[in-house]
Amino acid sequence: MKAIRRFTVRPVLPEPLTPLADLARNLRWSWHAETRELFQSVDPDGWQAAGGDPVRLLGAVSAARLAELAGDRRFLRRLAVVTADLDDYVGGGRWYQSHESGAELPAAIAYFSPEFGITAALPQYSGGLGILAGDHLKAASDLGVPLIGVGLLYRHGYFRQSLSRDGWQQEHYPVLDPNELPVSLLRDADGAPARVSLSLPGGRALHAHIWQARVGRVPLLLLDSDVEDNDAPAREVTDRLYGGGSDHRLLQEMLLGIGGVRAVRTYCDLTGHPPPEVFHTNEGHAGFLGLERIRELEGEQGLGFDAAVEAVRAGTVFTTHTPVPAGIDRFERSLVARHFGEGGELPGVPVDRILELGAESYPGGDPGVFNMAVMGLRLAQRANGVSTLHGAVSRGMFAGLWPGFDPGDVPITSVTNGVHAPTWVAPEVVRLGIRQIGPGRTEDALSVGGSRRWDAVADIPDQDVWDLRRVLREQLVQEVRDRLRASWLQRGAAEAELGWVDSVLDPDVLTIGFARRVPSYKRLTLMLRDPERLRRLLLDPERPVQIVVAGKAHPADDGGKRLVQELVRFADDPRVRHRIVFLPDYGMAMAQKLYPGCDVWLNNPLRPLEACGTSGMKAALNGCLNLSVLDGWWDEWFEPDFGWAIPTADGVGTDEERRDDLEANALYELIEGRVAPRFYDRVGRTGLPVRWIEMVRRTLVSLGPKVLAGRMVREYVERLYAPAALAHRALTPDAARDLAWWKGRVRAAWPRVGVEHVEALAAAPVNGTAELGATLTLRVQVSLDALTPEDVEVQAVAGRVDAQDVIRDGRAFPLKPSVGPDLEGRWVYEGPLALDRTGPFGYTVRILPSHPLLATPAELGLLAGPSETDTAGPGTGVVLR
């Protein structure tokens, strides 16, 4: 019989056990082993049944057991210790509080993301973007960074994945009751639920409650539109992650950005938390937060639109995560105009100016769309990609916003992602680390880094390393068998026909893992390019290989679903099903077993389409070796000492079939010729693969400190958050108005700014050659129109040139005004140019805007150089001898 109404009955904890409620509601338990062990001891069977979720556990434990624990002195002592530890963690000083920059650091940072992967008990993530956001919050908590997370609470999460009998992905959307999740409603002073509201066209409104999760020290605010005052379509705005059509997605992103800013203001007002000085937009989905802040500044401080934009930009950081234009949210301009026009949201903010912010007003852009990433970049003074290579890709992808600049000068930097080690490192690995480096230091090493602590791993005996790897592999084998059996039962198999599952995988066989989302560029099925060759690898009598695969295709991506089905059908073959498996419903709980249990982590995307690829980082922290295309973070940190690089066929152009053939062949050859032999090469009387074990050590020692989320967050603080806070403070209302006026004046004059003549006065090249170490003295005549030298920077840019006379790795040399202005506004600039490199060498001259409140001279996207008709004088291209 089906219930007509559902609600949650909360347990009443005996007074001695009341601290359990606070421990359960702070998600630090998800990465703090002692807290999890305490909850497990409450009811071991119930803990397993609850999936390791303390809230569910406490909701199911019997009153009799609670009464028993309330009188158990040993349990109460453990409870007191863990509670005191949490209090110290939340309230004590951390890295941020003792940072040498002190008051220069922002009082608070608001971090906006459409998804957050904190724990499987709070399923509000789909993949890498959400897991990265969750790790960002956790590392910020460990470091004491005053972050406020902002997202949406999806009543159906992303989706649960299962397989049909023929291997087709099926999606399920279970309803999540917030009262059964580790979150609580933010309430006003009178106890009523706090909420935010947005205006919709036609006189409608979108209301949202604010749920709060505690991520250690960091509050995470999640907006929920399932509010009784909303009409039916509005209630469904936060129904599922990345669901619905364009209008649905636009409303989600308006609620996240605009409603998120209002939620932060409400939270700070109610709790006394310092208001954010810096707003971090994690991908373009949250870009509308800038519009709400513009509305605030226009209404509360009387700034005009242009001045408000400058004030907003100063304190905003934008992180792009996609290396392909198809990964960016783009909406029809007419749809955006309808929601921000008359009767819509943000009254008083001109809709035409809003549309300009997201316009693809550059060569190749589509004038009919509103681009969320473009708006994010225009409303952020600081922007970054998520690996060194991805930063370079992003500078090329968005170069149209800075016309005339070389891609290297586009103002998008990079902060390489990291992962939260306490979340992802297996307890067995942690225990071995404690034995080696001593208790009391491991958590700091995992959270914050420190190469000397990681160096201690080099002294762990070979036998201990190998025994650990075998234990982790054995655990994975059992996990795979349990999940595979459950999957086949879901697919309609009978228990009687699943006896073969008990022989799936072998804890002594080389184990390769591959798990991620399934867009086409990640090439889930590259390993199937030559099915017979793969079978030989799997069934090799001397050096067998086994592969564990997992991943979800987007519900609307039938191409991705076909890739999943192709892999599943291969893995269903009775000849190989004991050596290769596909596990449905990939998520955090599965990943925490998968990464430690694999010997090799495989990643074979189309280069350079992997922005970072943090799954390989999590595997590496557990002693798993990476076998990957040189993309994302692996391109940055790969060394032969601790992994393998899959060669790429970059020279075949657009022939994707040939490229896949070549790269699959390279993958097979690596596994056959280098990976498997290294794993099975047992040396001496010990019978251990000594060279493999050494690679495991080098992985931990060399990569360990680099791949930490703590390292990543420290970089964000020092390179982006702190400068953004200083810029925010400098942009007082008057300063913002002055800067907006100055930019307007520069833009108006710029069409008449240019380099009119360039000549070398001394040490000019003779017959096109010059000697290394010589110095050219340049004299340059420039037209500045109504601008003055205080408004511009005139530079000589010099370096090696290629066959087309394009300067590579150029270096800028400032030139100084010496004469001027004449009656037509022309100035003469002079300065030395050092000839510091041999080979084909060239130089040019350029003019850039200059102002002390600019983060970079490229900020305005304005650059002037010599006209094509100018005779630049002798020596613009030389060869150094």
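That block above? That's the structure.
These notes cover the structure that comes with them. These numbers come from a predicted model, not from an experiment.

## Quick look at the sheet that holds strand E20 (residues 643–646)
Strands belonging to one sheet form pairs held by backbone hydrogen bonds; the direction of such a pair is parallel or antiparallel.
At step 1: In space, the six strands of this open sheet follow the order E17-E16-E15-E18-E19-E20, with parallel pairing throughout. Two strands lie at the open edges of the sheet, namely strand E17 (580–583) and E20, each paired on one side alone. Geometrically, the sheet is characterised by an average inter-axis angle of 20° between neighbouring strands, direction not taken into account.
At step 2: In the sheet, strand E15 (residues 510–515) pairs with strand E18 (residues 600–603) via two bridges, with the strands oriented parallel. Bridge pairing in E18 places isoleucine 512 opposite valine 600.
At step 3: Against the sheet, helix H20 (residues 462–490) touches E15, strand E16 (545–550) and E17, its axis set at about 60° to E17.
At step 4: Of the strands in this sheet, E16 and E17 touch helix H22 (residues 558–572), which is tilted by about 135° from E17.

## Description of the pattern of salt bridges
At step 1: What the rule picks out here adds up to 62 salt bridges.
At step 2: Between lysine 743 and glutamate 310 there is a salt bridge; the shortest N-O distance is 2.8 Å. Taken as a pair, lysine 743 in helix H29 (residues 733–749) and glutamate 310 in helix H11 (residues 305–314) lie far apart in primary sequence, 433 residues in all.
At step 3: For arginine 607, the salt bridge goes to aspartate 635, with nearest N and O atoms at 3.1 Å. Of this pair, arginine 607 sits in the loop between E18 and helix H24 (615–620) while aspartate 635 sits in helix H25 (residues 632–637); the two residues are 28 residues apart in sequence, bridging distant segments of the chain.
At step 4: Among the residues examined, aspartate 635 registers a relative accessible area of 30% and is labelled partly exposed.
At step 5: By sharing partners, the salt bridges in this structure join Arg523, Arg529, Asp650, Glu657, Arg659, Asp660, Asp661 and Glu663 into a single network.

## A word on empty space enclosed by the protein
At step 1: According to the stated counting rule, one finds six cavities of 30 Å³ or more in the structure shown.
At step 2: Roughly 90 Å³ of volume is contained in the second largest cavity.
At step 3: Residue lining of the second largest cavity: 13 residues in total, with Leu484, Trp488, Ala571, Asp572 and Phe582 positioned closest to the centre.
At step 4: Breaking the lining of the second largest cavity down by element, the ones donating at least two residues are H20, H22 and E17.
At step 5: Residue composition of the lining of the second largest cavity, grouped by class: nine nonpolar, one polar and three charged.

## What about the packing of helix H7 (residues 128–143) against helix H28 (residues 709–730)?
Between two packed helices, what matters for the description is the angle formed by their axes and the separation of those axes.
At step 1: Viewed as axis vectors pointing N to C, H7 and H28 meet at an angle of 80°, and their least axial separation amounts to 8 Å. Relative to H28, the element H7 is oriented roughly perpendicular. Counting all contacts with H7, which are made through Leu132, Asp135, His136, Ala139, Ala140 and Leu143, the residues of H28 involved are Ala709, Gly710, Met712, Val713, Arg714, Tyr716 and Tyr721.
At step 2: In the contact of H7 with H28, the residues fall into nine nonpolar, two polar and two charged.

## Considering the packing of aromatic side chains
At step 1: One pass over the full model with this rule turns up 20 aromatic pairs.
At step 2: Ring geometry for tyrosine 158 and phenylalanine 159: centres 4.7 Å apart, planes at 50°, overall tilted. Each member of the pair, tyrosine 158 as well as phenylalanine 159, is classed as buried.
At step 3: With a centroid separation of 6.0 Å and 85° between ring planes, the pair formed by tryptophan 488 and tryptophan 500 is classed as edge-to-face.

## Looking at H22
At step 1: The first and last C-alpha atoms of H22 sit 20 Å apart over 15 residues, in line with the 21 Å expected at 1.5 Å per residue.
At step 2: The N-cap residue of H22 is aspartate 557: its side-chain oxygen and the backbone nitrogen of glycine 559 are 3.2 Å apart.

About the criteria used
- Residues numbered from 1 in each chain as written.
- Predicted model: local features only at pLDDT ≥ 70, side-chain atom pairs only at ≥ 80, totals over all residues.
- Heavy atoms only, no water.
- Pairing = 2+ DSSP bridges.
- Helix = DSSP H or I, 4+ residues; strand = E, 2+ residues; numbered from the N terminus.
- Axes fitted to C-alpha atoms, helices over the stretch in contact; angles between N-to-C directions.
- Contact = heavy atoms within 4.5 Å.
- Salt bridge = Lys/Arg side-chain N within 4 Å of Asp/Glu carboxyl O.
- Buried < 20%, exposed > 50% of the residue type's maximum accessible area, 1.4 Å probe, protein only.
- 1 Å grid on protein atoms, 1.4 Å probe; cavity = no way out; pocket = protein on both sides within 12 Å on 5 of 7 lines; lining within 4 Å.
- Points joined across faces, edges and corners; volume = space filled by probe spheres on them.
- Nonpolar A, V, L, I, M, F, W, Y, C, P; charged D, E, K, R; others polar.
- Parallel < 35°, antiparallel > 145°, perpendicular 65-115°, else oblique.
- Phe/Tyr/Trp six-rings, centres within 6.5 Å; stacked < 30°, edge-to-face > 60°.
- Expected span 1.5 Å × (residues − 1).
- Polar contact = N/O pair within 3.5 Å; in protein donor to acceptor, adjacent residues only side chain to side chain.

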